[in-house]
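Architecture at a glance
What follows is the residue order along each chain.
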Amino acid sequence: MNLVVVSNRVARASANEPMTGGLAAALLPVVEKSGAIWVGSSGRVRDGAQREPFAEIEQLGSGALAMLDLPAAHYGGYYEGFANSALWPALHSRADLIRVSQDDYHSYREVNGFMARALMRFLKPDTAFWIQDYHFLALGAELRALGVTQPIGFFLHTPWASPATMGCVPHNRDLIEAMLAYDLIGFQTEEDRSNFLSYVKAELGFVVTDGVVTTARGIARCEVFPIGIDADLFAQQAQKATAHPDVSRLRKSLNGEKLVIGVDRLDYSKGLINRINAFDRLLTTRPSWQRTVSLLQIATPSRGAIEAYGNLQGELARLVSDVNGRLGEADWTPIRYLNKGFRQGVLAGLYRTAQVGLVTPLQDGMNLVAKEYVAAQNPIDPGVLVLSKFAGAAQELDTALLVNPHDVEGMARAIDTALSMPVTERRLRWEAMMAKLRRGSVQAWFSDFVTSLESANDANSEAVGAIASTAPALKMAGGWSRRSPVAFSGAILR
Ligand SMILES: O=P(O)(O)OC[C@H]1O[C@H](O[C@H]2O[C@H](CO)[C@@H](O)[C@H](O)[C@H]2O)[C@H](O)[C@@H](O)[C@@H]1O
Ligand SMILES: O=c1ccn([C@@H]2O[C@H](COP(=O)(O)OP(=O)(O)O)[C@@H](O)[C@H]2O)c(=O)[nH]1
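Remember, it's a predicted structure, so these values are computed and weren't measured experimentally.

As for the environment of Ala 138
- Turning to its location among the elements, Ala 138 is positioned in the loop between β5 (127–132) and α4 (139–145).
- Distance in space between the C-alpha atoms of Ala 138 and Ala 178 is 5.5 Å, their sequence separation being 40 residues.
- The residues touching Ala 138, leaving out its near neighbours within four places in the chain, are Tyr 108, Arg 109, Asn 112, Leu 175, Ala 178 and Tyr 182.

See below:
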């Protein structure tokens, strides 16, 4: 099989810089080893029709990394617009933050179409496409429209919200029906899958049996594949990183104080305001922690051109400065707040230095920082993870201290408990989490998806035959019958 992996954000093998988000961080090491071609945005845009859409193609392990300049006229409407101001807020249950202009959906579909045409360069009889994330929900349908019958899979890195919330996305029916062109649709958690299937049944009227949606084209199988990390590799990096100057300087500056760490993109889904409020509450209601603990909050700027993100950056800066101004002392700063990123090799050492990892998103697809924090700990004297029950990671890391990120006092209490926890309990909790991280590695995530994609496509070939012979009688739950397996959202498929 010739695997082509597609995502908006990609990462370079040689990049000696901080990762922008978990998708790129997770895919880089596995795609590199798989020999696949990884296609994504170069981060630049270009005007007009392009004879050669690929700006750069470079070697990536035994495969390649191919980057395109996306169309200038549609990039804003696609990335800042429909993807990150309509889909992202809805997927994270923040329909109140949806802001789209009339043309954004058109731009989103144009970019999906543009990517589909560019991908044809890599099409061979044994090609399989694996599309990543909400930027490309309609890419499978665009590829089918171009005649692609090869396996096409899709994985969603974010949560999938309730049918009512997804119903707030402009053009939701058109877009979500287009997703059924995929042979396999992967989700981070069972709840995400179940929300998606409820929408497909209730809003689109398709028949769903055991997670399989039957459409006129064939079938779209929906499964859960929680993304993981290479825990042992991360543990090695963390051990090595303790000698890194940034890490040893941090240790020295603590002067025996305990450290709580938070590492997030500056995104409203990450629950940063409530987290700072919880740390403030810890210090004000339990003053014995003053001068004996501080919070290192790394908040890397993200999607800064979008108003909601700019507003959050201002609000957070004000909040942190209020806490530090009110509670700080000449020789103690309660919150060390940084708007910059670190390389993972350094980050691993920062995690290991902290007695508590604070990961409290309001909603999160997975949250790899939670997994990395656990993997980075010293097995003899591990730190404690305080984790939101609304992060996908909470499904596996259930021996963390699970918290409700809307309950500020509950979080303050959990930080207090974590800071005071005896080493025997810390070890028991950590060992249970580490065992799960080892089982659910990113390598297993990758190979499980690819294996399932092949079998879903085989099942589809059989289903197409069966549907063709029973089509006149096939009654969909929505009340309309599908006569022929060739028409799908206006596109000719199979
Ligand atoms: O590419 P950006 O707009 O800068 O955003 C960064 C990435 O954010 C999101 O990451 C998600 O993927 C992680 C790995 O599966 C997961 O742990 C996390 O919960 C998700 O939020 C987004 O989904 C990616 O597409 C972005 O590249
Ligand atoms: O300074 C930083 C901050 C974050 N990351 C990486 O960015 C990813 C964040 O992924 P996560 O799933 O936690 O959240 P996302 O940003 O994708 O929503 C993790 O792999 C981090 O190691 C990094 O390399 N340097």
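That covers the picture; the talk isn't over yet.
Overview of the packing of aromatic side chains
- The tally for this structure, following the rule as stated, stands at 21 aromatic pairs.
- Relative to Tyr 105, the ring of Phe 82 has its centre 5.1 Å away and its plane inclined at 55 degrees; by these criteria the two rings are tilted. Of the two residues, Phe 82 is situated in helix α2 (residues 72–91) and Tyr 105 in helix α3 (residues 104–119); the sequence distance between them amounts to 23 residues.
- Of note, Arg 303 hangs over the ring of Trp 88, and the distance from its end group to the ring centre comes to 4.0 Å.

With respect to the site of ligand 2
- What surrounds ligand 2 is a group of 17 residues, the closest being Gly 22, Arg 265, Lys 270, Phe 342 and Glu 372.
- Within the backbone of Gly 22, one N or O atom sits 2.5 Å away from an oxygen atom of ligand 2.
- Within the complex, 92% of the 540 Å² of free accessible area of ligand 2 lies under protein.
- Of all the secondary-structure elements, those providing two or more residues to the shell around ligand 2 are α1 (22–34), β11 (258–265), α12 (344–353) and α13 (368–375).
- In terms of residues, the shell around ligand 2 owes the most to one element, α13, which gives three residues.

Some remarks on the sheet that holds strand β16 (residues 401–403)
- Read across the sheet, six strands follow the order β13-β12-β11-β14-β15-β16 without closing on themselves; strand pairing throughout is parallel. Each of the sheet's edge strands pairs with one partner strand only, and the pair in question is β13 (335–338) and β16. For this sheet the average axis-to-axis angle between neighbouring strands, irrespective of direction, equals 20 degrees.
- When β11 meets strand β12 (residues 293–300), the two strands line up parallel, connected through eight bridges. Bridged to Val 260 within β12 is Leu 295.
- Taken strand by strand, helix α10 (residues 272–285) contacts β11, β12, β13 and β14 (356–359), and its axis lies near 170 degrees from that of β12.

Criteria and thresholds
Residues numbered from 1 in each chain as written. Chains lettered and ligands numbered in written order. Predicted model: local features only at pLDDT ≥ 70, side-chain atom pairs only at ≥ 80, totals over all residues. Heavy atoms only, no water. Helix = DSSP H or I, 4+ residues; strand = E, 2+ residues; numbered from the N terminus. Contact = heavy atoms within 4.5 Å. Phe/Tyr/Trp six-rings, centres within 6.5 Å; stacked < 30°, edge-to-face > 60°. Lys NZ or Arg CZ within 6 Å of the ring centre and 35° of its normal. Near = heavy atom within 4 Å. Polar contact = N/O pair within 3.5 Å; in protein donor to acceptor, adjacent residues only side chain to side chain. Areas by Shrake-Rupley, 256 points an atom, 1.4 Å probe, with all protein chains shown as cover. Pairing = 2+ DSSP bridges. Axes fitted to C-alpha atoms, helices over the stretch in contact; angles between N-to-C directions.

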